[in-house]
Amino acid sequence: MSMKPIFVLNGPNLNRLGKREPQIYGTTTLAEIEAMCREAAGDTPVRFRQSNAEHQLVDWVHEAIDEGSGIVINPAGLSFRSIPLLDALKMFAGPIIEFHISNIHRREEIYHHSLVSKVATAVIAGLGPKGYPVAVRALMNMVEDG
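In this text the structure is predicted, and so the values were computed from the model without any measurement. (Residues numbered from 1 in each chain as written. Predicted model: local features only at pLDDT ≥ 70, side-chain atom pairs only at ≥ 80, totals over all residues. Heavy atoms only, no water.)

Considering the packing of aromatic side chains
- Considering all chains together, one arrives at one aromatic pair under this definition.
- Where Phe99 meets Tyr132, the ring centres are 4.3 Å apart and the plane angle is 45°; that geometry is what we call tilted. A residue pair is termed long-range when its members are at least 10 positions apart, and Phe99 in strand β4 (residues 96-100) and Tyr132 in helix α5 (residues 131-145) qualify at 33 residues.
- With relative accessibility at 0%, the residue Tyr132 sits in the buried group. (Phe/Tyr/Trp six-rings, centres within 6.5 Å; stacked < 30°, edge-to-face > 60°. Helix = DSSP H or I, 4+ residues; strand = E, 2+ residues; numbered from the N terminus. Buried < 20%, exposed > 50% of the residue type's maximum accessible area, 1.4 Å probe, protein only.)

What follows is the structure, given as structure tokens:
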């Protein structure tokens, strides 16, 4: 039996990791994060993706609905304003981990109210880039536990 992939989806501006506000996000690049996630997943297939476009993230959630076992999503700025992303995630039957590199609750007020949190099974925030493999392992445990 082949395993269904887990999806690790990344929103706007995360392609700039390593250069973008390193005092908040660190110097780890998205390519390094992808490698950490694949290592954490072991034999489980990972679809690791990033887009600055809301519609592309929605399309990938639709793909996960049809083909995936779980989603780790760092919606970035779309966390706080994207009704289409929220609606797509509502349709996903498996576990969803909302992930943020920084602790959004220690930041400006605008970052305190995530729409995605309303549908996420769990939220991880503030562990930095090294939190991604933590999220992947937690998601795999949730998928296993059914």
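A word on the nonpolar core
- Counting 23 residues, the largest nonpolar core has Val8, Tyr132 and Val136 as its most contacted members.
- Beyond its immediate sequence surroundings of up to four residues, Val8 is in contact with Cys37, Val46, Arg47, Phe48, Arg49, Val72, Tyr132 and Val136.
- In terms of nonpolar packing, the next biggest core, distinct from the first, is built from 17 residues, Phe7, Ile71, Ile73 and Leu89 among them. (Core = buried A, V, L, I, M, F, W, Y, C linked by side-chain atoms within 4.5 Å. Contact = heavy atoms within 4.5 Å.)

Here's the deal with the sheet that holds β4
- Read across the open sheet, the five strands follow the order β2-β1-β3-β4-β5; overall the sheet is parallel. Bordering the open sheet on either side are β2 (46-50) and β5 (122-125), each of which pairs with just one other strand. Taken over all neighbouring pairs, the strand axes of this sheet differ in orientation by 15° on average, direction set aside.
- Relative to strand β3 (residues 70-74), strand β1 (residues 6-10) is paired through five bridges, and the arrangement is parallel. If you follow Phe7 over to β3, its bridge partner there is Ile71. (Pairing = 2+ DSSP bridges. Axes fitted to C-alpha atoms, helices over the stretch in contact; angles between N-to-C directions.)

Comments concerning the packing of helix α3 (residues 54-67) against helix α4 (residues 83-90)
- Put simply, α3 and α4 touch, their axes get as near as 9 Å, and they point 0° apart. One finds that α3 runs roughly parallel with respect to α4. Residues Glu54, Leu57, Val58, Val61, His62 and Ile65 of α3 lie in contact with α4, whose contacting residues are Pro84, Leu85, Ala88 and Leu89.
- Of the residues contributing to the contact of α3 with α4, the split by class is eight nonpolar, one polar and one charged. (Parallel < 35°, antiparallel > 145°, perpendicular 65-115°, else oblique. Nonpolar A, V, L, I, M, F, W, Y, C, P; charged D, E, K, R; others polar.)

So, the side chain of Glu98
- The residue Glu98 is located in strand β4 in this model.
- As a buried residue without a salt bridge, Glu98 has its nearest oppositely charged side chain in Lys118, at a separation of 9.1 Å.
- A polar contact is formed between the side chain of Glu98 and the side chain of Ser114, at a distance of 2.6 Å.
- Leave out the neighbours within four places in its chain, and Glu98 touches Ile73, Pro75, Ser79, Ser114, Val116, Ser117, Ala120, Ala122, Val123 and Ile124. (Lys, Arg positive; Asp, Glu negative; His and termini not counted. Salt bridge = Lys/Arg side-chain N within 4 Å of Asp/Glu carboxyl O. Polar contact = N/O pair within 3.5 Å; in protein donor to acceptor, adjacent residues only side chain to side chain.)

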